[in-house]
Amino acid sequence: MRRLSLKVRIYPTQEQAVLINKTLGCCRQVYNTILALRLDFYDRNIRGKDLTKQQKIELYKSYKAPTEKELRQQFEYMKEVSSVALQQSRRDQEGAFFKFFKGLTKFPKFHSKKHKSSYRELRCKFIWPERKIVLPKVGKIKFKNRKLPKWLNANDNVCNITISKKTSGQYYASILFEVEEKPKSKSENQAVGLDFSPVNLYVSSNGLTGKDFGYIQQKQAHLKNLRRLERRLARKQKGSSNREKARIKVARIEQHIANSRKDWIEKETLRLVRKYNVIGIEDLTIRGLLRASKNAKNYVDSSWGMFTRRLEEKSKRYDCSVVRADRFFASSKLCHVCGYKKSDLTLSMRHWTCPVCHTEHNRDLNAAINLKNNAIKILREAEKFRSAEGAKRLVSLALTKSGAFVETEREIS
């Protein structure tokens, strides 16, 4: 079984929009109230005390936050909205602290109504012929008449549904389904390496780039119009209705930029995992690159993190192996012909010649070829390891700087 989501735009009536906004506000208040109580508990019982780190964590975990029923008794207007949505908001707040104690995220912050807001429901019903969603307390809501994906069946189990409101005022519903799907095999056995490029998003080992498949930097394409609208917004008086209208226009064009970039990433990652069996990519810290780069804007607008993440997620459905090279793997400095390492290679040197085999290299193309060869090498070593140990589970191996194998557990379905 696999969980897949379907996101659609919904069109609530004026009364339904008011109720959805009330639900969003109540869920936000539940989250912020419990967070404030936890911070108060920390100030009164932990801050300044002579306790070890582990003792502080155990004492902090022992705090019992108020339940959804207690909050509904304290705030009478919360009875107008769905109780399940309030329960999920409380669980989200507890989950945020659980991830913080595990070291996965930063300390939780208060939610603001000025940014994107959402709430989650567990009970919902779909009327596919009419293109309507039935939500508790809200009723039937129309959603966009779009073509449904091939993997979706009427009998698929619905795990939950998330209702979100963008800063532009648009409403969306993201439905999580549990479907039964088998990996799709390919007849061809091809491998490719993808090297990051701030202008083209990637350069492949075949000599192609993202622009060969329609990639454009969406923010750069809409930069003139975006700057014009931002200047209009800056001239409006704070708190006025005209400023709110100008803010919505800026939010809509920014949302259009984000949607265009995401649409291209979804289509391109799907094309790659359908065509290739092995894809080698590099593991980058974009934040670290921004500090020493004069091209920081293109680094951020490229969304390399989203691209690689969607590539890895879709590879599980199409029998494709995506291999991340080690962060210290010198993909640009190695000659893919003889293996010579040019240690004095700087970022400004886009072409260089190997002094051993006298091969002229394009920096990005050479790095992409090295990433492809590295991915094939890791998969071959993993196959030998599985054969030698007789393991019955799938292992994902990566070469560290010292050459040792790092094993991550992922059971075979």
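For the structure, see preceding data.
As the structure is a prediction and not an experimental result, all values here were calculated from the model.

Caption draft 1: Quick look at the overall build of the protein chain. Secondary structure summary: the protein chain contains eleven helices and 15 strands in total. Taken over 413 residues, the protein chain has a buried fraction of 39%. Taking contacts inside the protein chain between residues at least 6 apart in sequence as the whole, the part at least 24 apart equals 65%. Counting only carbon and sulfur atoms, one obtains 49% of the accessible surface of the protein chain, whose full area is about 25,000 Å².

Caption draft 2: Spatial organisation of the side chain of S197. Looking at the secondary structure, you find S197 in strand 8 (residues 191-197). Residues contacting S197, with those up to four places away along its chain left out, are Y202 and V203.

Caption draft 3: Local environment of the sheet that holds strand 7 (residues 171-179). Strand order in this open sheet of seven strands is 2-6-7-1-5-4-3, and the pairing throughout is antiparallel. Two strands lie at the open edges of the sheet, namely strand 2 (117-121) and strand 3 (125-127), each paired on one side alone. Direction aside, the axes of adjacent strands within the sheet are offset by 35° on average. Where strand 1 (residues 2-11) meets strand 5 (residues 139-143), two bridges bridge the pair, whose relative direction is antiparallel. Bridge assignment links Y11 to a residue of strand 5, and that residue is K142. Its contacts with the sheet put helix 1 (residues 14-45) on strand 2, strand 5, strand 6 (157-165) and strand 7, and the angle it makes with strand 2 is roughly 95°.

Caption draft 4: How the structure looks around the packing of aromatic side chains. Scanning the entire structure with this criterion turns up nine aromatic pairs. Where F75 meets Y77, the ring centres are 5.9 Å apart and the plane angle is 50°; that geometry is what we call tilted. A relative accessible area of 17% places F75 in the buried class. You can call Y77 partly exposed: its relative accessible area is 39%. For the ring pair F126 and F177, a centre distance of 6.1 Å and an interplane angle of 35° mean the geometry is tilted.

Caption draft 5: Examining the sheet that holds strand 11 (residues 321-325) more closely. The strand order across the open sheet built from four strands is 9-8-10-11, with neighbouring strands paired in mixed fashion. On the outer flanks of this sheet lie strand 9 (201-204) and strand 11, each paired with one strand and no other. Averaged over all pairs of adjacent strands, the angle between strand axes in this sheet comes to 30°, irrespective of strand direction. Sheet strands in contact with helix 7 (residues 241-275) are strand 8, strand 9 and strand 10 (278-282), and its direction is about 20° off that of strand 9.

Caption draft 6: Molecular detail of the pattern of salt bridges. Per the counting criterion, the structure on display carries 18 salt bridges. Its salt-bridge partner being R310, residue E266 comes within 2.9 Å of it at the nearest N-O pair. Note that E266 is positioned in helix 7 and R310 in helix 10 (residues 304-315), a separation of 44 residues in sequence. Several salt bridges share partner residues, and in doing so they unite E266, R310, E313 and K314 into one network.

Caption draft 7: Inspection of the pairing of strand 7 at higher detail. Here strand 1 runs beside strand 7; their pairing, made up of nine bridges, is antiparallel. Following the sheet pairing, S5 is matched in strand 7 by L176. Pairing of strand 6 with strand 7 involves eight bridges; the strand directions are antiparallel. Note on strand 7: the bridge partner recorded for T162 is S174. Linking strand 6 back to strand 7 in an antiparallel pair, the connection comprises five residues, with G169 at a positive phi of about 95°.

Caption draft 8: Region of interest: the nonpolar core. The biggest cluster of nonpolar side chains holds 44 residues, and the ones touching the most others in it are I10, Y119 and I133. Elements supplying a minimum of two residues to this core: strand 1, helix 1, helix 4 (83-102), strand 4 (132-135), strand 5, strand 6 and strand 7. Counting residues per element, this core draws most heavily on helix 1, at eleven residues. Those residues in contact with I10 that lie beyond four places of it in its chain are I133, I141, K142, F143, I163, Y171, Y172 and A173.

Caption draft 9: Focus on the pairing of strand 4. Judged by which residues are buried, strand 4 turns out to be one-sided: I133 and L135 face inward and are buried, whereas K132 and V134, on the alternate face, are not. The sheet contact formed by strand 3 and strand 4 spans three bridges and is antiparallel. Pairing of I127 across the sheet is with K132, part of strand 4. Two strands pair when backbone bridges link them, and strand 4 and strand 5 are joined in this way by four bridges, in the antiparallel orientation. When the bridges of strand 5 are listed, K132 appears paired with K142.

Caption draft 10: Here's a closer look at the side chain of N366. Along the chain, the position of N366 falls in helix 11 (residues 363-389). Overall, the relative accessible area of 2% leaves N366 in the buried class. Other than its neighbours up to four places away in sequence, N366 contacts S331, S332, L334, C335, H336, W352 and H361.

Here is what the cut-offs are and how they apply
- Residues numbered from 1 in each chain as written.
- Predicted model: local features only at pLDDT ≥ 70, side-chain atom pairs only at ≥ 80, totals over all residues.
- Heavy atoms only, no water.
- Helix = DSSP H or I, 4+ residues; strand = E, 2+ residues; numbered from the N terminus.
- Buried < 20%, exposed > 50% of the residue type's maximum accessible area, 1.4 Å probe, protein only.
- Contact = heavy atoms within 4.5 Å.
- Areas by Shrake-Rupley, 256 points an atom, 1.4 Å probe, with all protein chains shown as cover.
- Pairing = 2+ DSSP bridges.
- Axes fitted to C-alpha atoms, helices over the stretch in contact; angles between N-to-C directions.
- Phe/Tyr/Trp six-rings, centres within 6.5 Å; stacked < 30°, edge-to-face > 60°.
- Salt bridge = Lys/Arg side-chain N within 4 Å of Asp/Glu carboxyl O.
- Core = buried A, V, L, I, M, F, W, Y, C linked by side-chain atoms within 4.5 Å.

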